[in-house]
Amino acid sequence: MEPLAELVQAHAELNQPLVQQSLSRRRLLGASALTGVGWLTPVAEVLARRAERVRREHAQSVILLWLAGGPSQLETFDPHPGAAISAGTTAIDTCLSGVQLATGFDRLAEEMADVSLVRSLVSKEGDHERGTYLVKTGYRPDPTLVHPSIGAICCHQLPVGPVEIPRHVSILPGQWPARGGYLGNQFDAFKTLDPAKRVPDVASQVPAERQTVRLSDRAVVDAAFLPGRRRAVEATMHGAMIEQALAMMGSAQLRAFETSDEPAAVCAAYGDTPFGRGCLAARRLIEQGVRCVEVTLAGWDSHTKNHETHERLIKILDPAFAALIADLRERDLLRHTVVLCGGEFGRTPRVNPLEGRDHWPHGFSMAMAGGGVRGGQVIGETDPEGGKKVADPRSVADVHATVLTALGIDPAHEEMTPVGRPMKFSEGAAIAELLDMSI
Amino acid sequence: MWARNLLFVTVCLAGLAALGGLLSPVHKPPAARRVAEAPTAADLQAAVSRLNASFAPHAGPTSRAANLTIARRLSLALTGTIPSLAEIREFEAQPPDAAIDWWLAELLADRRSSDYLAERLARAFVGTQDGPFIVYRRRRFVSWLADQLHTNRPYDEIVAELIASDGLWTSKPATNFITVTIQPDAGKGPDANQLAARTSRAFLGVRLDCAECHDHPFSKWKQSDFQSLAGFFGQAANSLRGIRDADRPAEIDDPLSGEPKRITADVPFAADALPIDGTPRVRLAQWVTDARNKAFARAAVNRVWAQLFGRPLIEPIDDIPLADESGTDGTPEALAILADDFATHCYDLRRLISIIALSEPFAAESRVAGDDAAAADTLATTWNVFPLTRLRPEQVVGSLLQACSLATLDYQSHIVVRFFRAVGQAEFVKRYGDSGEEEFSPQGGTIPQRLLLMNGELVKDRTKENLVANAATQIGALASTDEKAVEIAYLACLTRRPTSAEMQHFVAKLAGTRGDDRRQQMEDLYWALVNSTEFSWNH
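Computed from a prediction, not measured in an experiment: that's the story for all the values here. (Residues numbered from 1 in each chain as written. Chains lettered and ligands numbered in written order. Predicted model: local features only at pLDDT ≥ 70, side-chain atom pairs only at ≥ 80, totals over all residues. Heavy atoms only, no water.)

1. Describing the overall build of chain B
Part 1 of the argument: Broken down by element type, chain B carries 26 helices and 6 strands.
Part 2 of the argument: Among the 539 residues that make up chain B, the fraction classed as buried is 58%.
Part 3 of the argument: For chain B, the proportion of contacts with a sequence separation of at least 24, taken over those separated by at least 6, is 69%.
Part 4 of the argument: About 22,200 Å² of surface is accessible on chain B, with carbon and sulfur atoms providing 56% of the total. (Helix = DSSP H or I, 4+ residues; strand = E, 2+ residues; numbered from the N terminus. Buried < 20%, exposed > 50% of the residue type's maximum accessible area, 1.4 Å probe, protein only. Contact = heavy atoms within 4.5 Å. Areas by Shrake-Rupley, 256 points an atom, 1.4 Å probe, with all protein chains shown as cover.)

2. Brief notes about the nonpolar core
Grouped burial of nonpolar side chains is what soluble globular proteins tend to show.
Part 1 of the argument: Counting 149 residues, the largest nonpolar core has F125, F177 and F203 of chain B as its most contacted members.
Part 2 of the argument: Ignoring sequence-local partners within four residues, the contact set of F177 of chain B consists of F125, V126, F141, L162, I163, L195, R198, T199, F203 and F233 of chain B.
Part 3 of the argument: Counting residues in each nonpolar core, the second largest holds 60 residues, with F105, I171, I314 and I325 of chain A among its members. (Core = buried A, V, L, I, M, F, W, Y, C linked by side-chain atoms within 4.5 Å.)

3. A few points about a nonpolar patch on the surface
Part 1 of the argument: Together, I415, V416, F419, F420 and V423 of chain B make up an exposed nonpolar region whose accessible area comes to about 460 Å².
Part 2 of the argument: With respect to the helices, strands and loops of the structure, F420 of chain B is situated in helix α19 (residues 415-432). (Patch = residues over 30% accessible without salt bridge, like charges linked within 9 Å, V, L, I, M, F, W, Y side chains within 5 Å. Salt bridge = Lys/Arg side-chain N within 4 Å of Asp/Glu carboxyl O.)

4. Digging into unusual backbone geometry
Residue and element names in this part refer to chain B.
Part 1 of the argument: E315 connects to P316 through a cis peptide bond whose omega is -15 degrees.
Part 2 of the argument: One non-glycine residue with positive phi stands out, namely W383, at about 60 degrees.
Part 3 of the argument: Looking at where W383 falls in the secondary structure, it is placed in the loop between α17 (373-381) and β5 (389-390).

5. Examining the pairing of strand β1 (residues 236-239) of chain B
Residue and element names in this part refer to chain B.
Part 1 of the argument: Pairing between β1 and strand β2 (residues 242-245): 4 bridges, direction antiparallel. For A237, the partnering residue across the bridge sits in β2 and is R244.
Part 2 of the argument: Where β1 folds back onto β2 in an antiparallel hairpin, the turn is made up of 2 residues. (Pairing = 2+ DSSP bridges.)

6. What about the interface of chain A and chain B?
Part 1 of the argument: Taken together, the 65 residues of chain A in the interface contact 74 residues of chain B.
Part 2 of the argument: Summed over both sides, the interface between chain A and chain B buries roughly 6,200 Å², with carbon and sulfur atoms accounting for 56% of that surface.
Part 3 of the argument: Our enumeration of links across chain A and chain B arrives at 7 salt bridges.
Part 4 of the argument: A salt bridge links D371 of chain B to R230 of chain A, with the nearest nitrogen and oxygen atoms 3.8 Å apart.
Part 5 of the argument: At the boundary of chain A with chain B, the tally comes to 17 residue pairs in polar contact (both at pLDDT 80 or more).
Part 6 of the argument: Elements with a contribution of two residues or more to the side of chain A that touches chain B: α1 (3-14), α2 (18-23), α6 (128-137), β6 (190-192), α8 (208-225), α9 (230-236) and α10 (238-249) of chain A. (Buried area = accessible area lost by both parts, 1.4 Å probe. Polar contact = N/O pair within 3.5 Å; in protein donor to acceptor, adjacent residues only side chain to side chain.)

7. Brief notes about helix α14 (residues 333-344) of chain B
Residue and element names in this part refer to chain B.
Part 1 of the argument: The terminal C-alpha atoms of α14 lie 17 Å apart, and with 12 residues this matches the ideal 16 Å at 1.5 Å per residue to within 8%.
Part 2 of the argument: Regarding α14, the residues found buried are A334, L335, I337, L338, A339, D341 and F342.
Part 3 of the argument: The inward-facing, buried residues of α14 abut α2 (41-55), α8 (155-164), α13 (294-309) and α15 (349-357).
Part 4 of the argument: C346 occupies a position one or two residues after α14 and carries a positive phi of about 60 degrees. (Expected span 1.5 Å × (residues − 1).)

8. Considering the environment of V396 of chain B
Part 1 of the argument: Mapped onto the elements of the fold, V396 of chain B is located in helix α18 (residues 393-403).
Part 2 of the argument: Residues within four places of V396 of chain B in sequence aside, it is in contact with L391, F428, Y432, L453 and F535 of chain B.

9. Side note on the packing of aromatic side chains
Residue and element names in this part refer to chain B.
Part 1 of the argument: Tallied over the full model, the rule gives 22 aromatic pairs over all chains.
Part 2 of the argument: Between F269 and W287, the aromatic rings sit 5.3 Å apart at their centres with planes inclined by 55 degrees, giving tilted as the arrangement. With F269 in the loop between β4 (260-262) and α12 (280-289) and W287 in helix α12, this residue pair connects regions lying 18 residues apart in the sequence. In this structure, F269 and W287 share a single accessibility class: buried.
Part 3 of the argument: By way of ring pairs, the aromatic residues F55, W305, F309, F362, W383 and F386 are connected into one cluster.
Part 4 of the argument: Lying across the ring of F386, R73 places its NZ or CZ 3.7 Å from the centre. (Phe/Tyr/Trp six-rings, centres within 6.5 Å; stacked < 30°, edge-to-face > 60°. Lys NZ or Arg CZ within 6 Å of the ring centre and 35° of its normal.)

10. A closer look at the packing of α13 of chain B against α14 of chain B
Residues and elements named next belong to chain B.
Part 1 of the argument: Between α13 and α14, the least distance of the axes is 8 Å, while the angle of their chain directions is 110 degrees. Viewed along their axes, α13 and α14 adopt a mutual orientation that is roughly perpendicular. For the pair α13 and α14, the crossing hand works out as right-handed. Listed contacts from α14 to A297, R298, A300, V301 and W305 of α13 are L335, L338, A339, F342 and A343.
Part 2 of the argument: Looking at side-chain class alone, the contact of α13 with α14 contains 9 nonpolar, no polar and 1 charged residues. (Axes fitted to C-alpha atoms, helices over the stretch in contact; angles between N-to-C directions. Parallel < 35°, antiparallel > 145°, perpendicular 65-115°, else oblique. Left-handed = near helix turned anticlockwise from the far one by under 90°. Nonpolar A, V, L, I, M, F, W, Y, C, P; charged D, E, K, R; others polar.)

11. Comments concerning the side chain of S86 of chain A
Part 1 of the argument: Here S86 of chain A shows up in the loop between β1 (61-68) and β2 (91-93).
Part 2 of the argument: Assessed through its relative accessible area of 5%, S86 of chain A is described here as buried.

12. Some details on the environment of L494 of chain B
Part 1 of the argument: Mapped onto the elements, L494 of chain B comes out in helix α23 (residues 482-494).
Part 2 of the argument: It is 8.4 Å that separates the C-alpha atoms of L494 of chain B and V530 of chain B, two residues lying 36 residues apart in sequence.
Part 3 of the argument: If we skip the residues at most four places from it in the chain, L494 of chain B touches V221 of chain A together with R72, L529, S532, E534 and F535 of chain B.

13. Let's talk about the pairing of strand β5 (residues 168-171) of chain A
All names here are of chain A.
Part 1 of the argument: Burial of the side chains of β5 extends over both faces: H168 and S170 are buried on one face and V169 and I171 on the other.
Part 2 of the argument: One ladder, built from 4 bridges, connects β5 with strand β7 (residues 292-298); its direction is parallel. In the strand pairing of β7, V169 is matched with V293.

14. Comments concerning the pattern of salt bridges
Part 1 of the argument: Inspection of every chain in the model, using the stated rule, returns 59 salt bridges over all chains.
Part 2 of the argument: For R214 of chain A, the salt bridge is made with E523 of chain B, and the minimal N-O distance between the two is 3.6 Å. Taken together, the residues span two chains, with R214 of chain A in helix α8 and E523 of chain B in helix α25 (residues 515-530). The burial state of R214 of chain A is the same as that of E523 of chain B; both residues are buried.
Part 3 of the argument: Across the pair D253 of chain B and K188 of chain B runs a salt bridge, and its minimum N-O distance is 3.1 Å. Placement of D253 of chain B in strand β3 (residues 251-253) and of K188 of chain B in the loop between α9 (176-179) and α10 (192-203) is noted, with a sequence separation of 65 residues between them.
Part 4 of the argument: A relative accessible area of 36% places K188 of chain B in the partly exposed class.
Part 5 of the argument: Residues joined by salt bridges that share partners form a network here, namely R198, R255, E258, D261, E262, R283, R284, E287, D327 and R331 of chain A.

As structure tokens, this is what we get:
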């Protein structure tokens, strides 16, 4: 259908009374399929498997290493050793000739053949909340609607597969974990803490026998509520959600959230930190078919003592990031998993009187790897003098378009929002240099 | 040394005072310029009858819900929680045909209602974001708004103050409406475009901002309409003395280039209501709230309707067709009736709430006879069946805490109870997932929500054995019979009595139990009630 005709029809559909929309059977079925009830039936599972095969050439999952607070590009992926703006930060060579990382990324330097850097991201959002929104959704905050984060789009668009656990996960969620936005809160990331601890709320409070009794009691109460309200009650999906929650509670896949049964050497490679364990758990979850995992490492907001802050955090980030890339590659998962690493903005080239760097959205970096994203590329350059002029500037939306394209999702696909406004998944342009569609 | 000790003591005292202030908002009635006359019963009844008549042509075979069900709806809408057992007892002591009027009056006078309504309105006015540090105080804003609502200040005055106030965000809390759009990090003052979008959506129910970047293909709004409206905020600036209008031509950011652009302020409709004199924001405030600008009252009516029903009269809530003199604007007659009444009665929010709350649609059953799906759809569109709507996170946690306490949790509660309630509530809402500004989107629940109610700490804590704090234990120990115990648990959790099948099922389980066994049975009963569909959905 022509885009315009589609729009007209979509607008016409929206003029129908809401009740019909929200209760229509098609919508209910659609919703149930999207939220994962689909896997409950064998036919759906077969279909899902086939869909899985068909799209094997594309990436299937995303891991976002979220550096909350806004890391300095100069102390991470875009060092300018020797320049005044480096303020003494040195750099190391990597396995790619001519590409340097800031000192401290010794492990990552060895993996750079698989990693690409975008050094020329520019945005207009210099506030933490707004910047986080932009980088996680690819859109600037809009008072009229909430955009879905990339993980939510993944779950919305890609087949479910035999997954009994949430397909969108946020490990060590910061203040603003990824959300489903207009796609619905069923696409919000499932929040969980350090993998050394139990996943919250998945263990029954009482022994199995008593739980069974409780559930049958619950059914008695629901049976009294149902008569005369069948239509509306079905639309609530309350029962279906309980079924899924129970399936999750009893699922062996829950083990993927924990890292205690990994060999000590593997754990050590990732680093004995909550973030390191989070990255390891991310790999385990991806193996189970989870679509998107974000792992947060917070504390990059270095308004004071910038260099010390970065030195401390890079000791956590470097082993975890590098081990994740190597581990995914060894397990042949890297081809199908896009790994992103970055924060909401960069930091000022000029160091302030408190030895800190302030917010700087005018030229910052993000690292990408896997999932068909070509490794070893460097996009753009920032000004060694610290000016706002950036060579080959790219928008955050371009990164989103790149990831979506790698996943086989058309960034220009227009989704109708509940308020009746068609929205593209991304308004950016995929970065062609990073996409190698030959795999 | 002494100075340091003194400083330490002062800091501690200030901290305590601040904490006290947090838990008990200051009641400072503002000087209202005019006060709506309290409606007489007959006058109110006449208005309700006019509203009911507008629904009559569609009337279907539905019946009136039980009084207790209506009481639950009212409590959830106005206070964000279910009635306590103590309140239910008082409610049932009233003569049945006067009980709803009595309960409505009680709730409208309750400070909890002002606080809850203020929070809900604030979501439309300033959003849910924390906003810029220092220059924006959301909590201050909400408590100011609650104060205004508590004195039933006319709605037009409140809105005019939001738009036109000058001053500091602390001493003049209304200015937070402006300061929330400041981006200090980017060195930017108030954002005229965001303010215009908020103003048109929240106060007028018009989506002018769809034309922010280009002319909208499906509506009559042009980009110039939006930019001219934004022009009224184009001089607003922040300084050491707070928000004021700067002495320079109005400028807005061009949405496409991001460059400043000079603009002449103008309004997109009802131009005769725009005064010629005054500062830009004062003129805008007068235009927005002028009786000739019908969109203002209509937007308020749609929002209050949504507050009570969980679903607006016109969907989406902020996209209402402009009033059309011929009466063929496609909106339900109820909208015009309520908007006219609201405008001619001093924009009295309590009166508006009362008319809707006492109407037939609000009292309608949420069941349809024979479970006929087609009939259910038809009756729902004509408001002859009460819609099932998902409770908001704070309504769920409010209901949970209230169900687990037999006494009413309100401003009379012990400070410790209130403190733990506030803390538990915040943690729960965080895990449950706030739906943010998307107040009335028809979404189903989520798996983490079900996990939280089935396995979460709060449910466990509030239902386990605890004779001092937990209703489940108290009921098991103190109810005179098993039947009474089951009945009280149902009243406390679901605001109704059990059906005979339910009674039979649970009494059989309680029969002959004592001690730990009985406490466990009560805990299980509470668990089942709290995890039912009925508990998490307004109906």
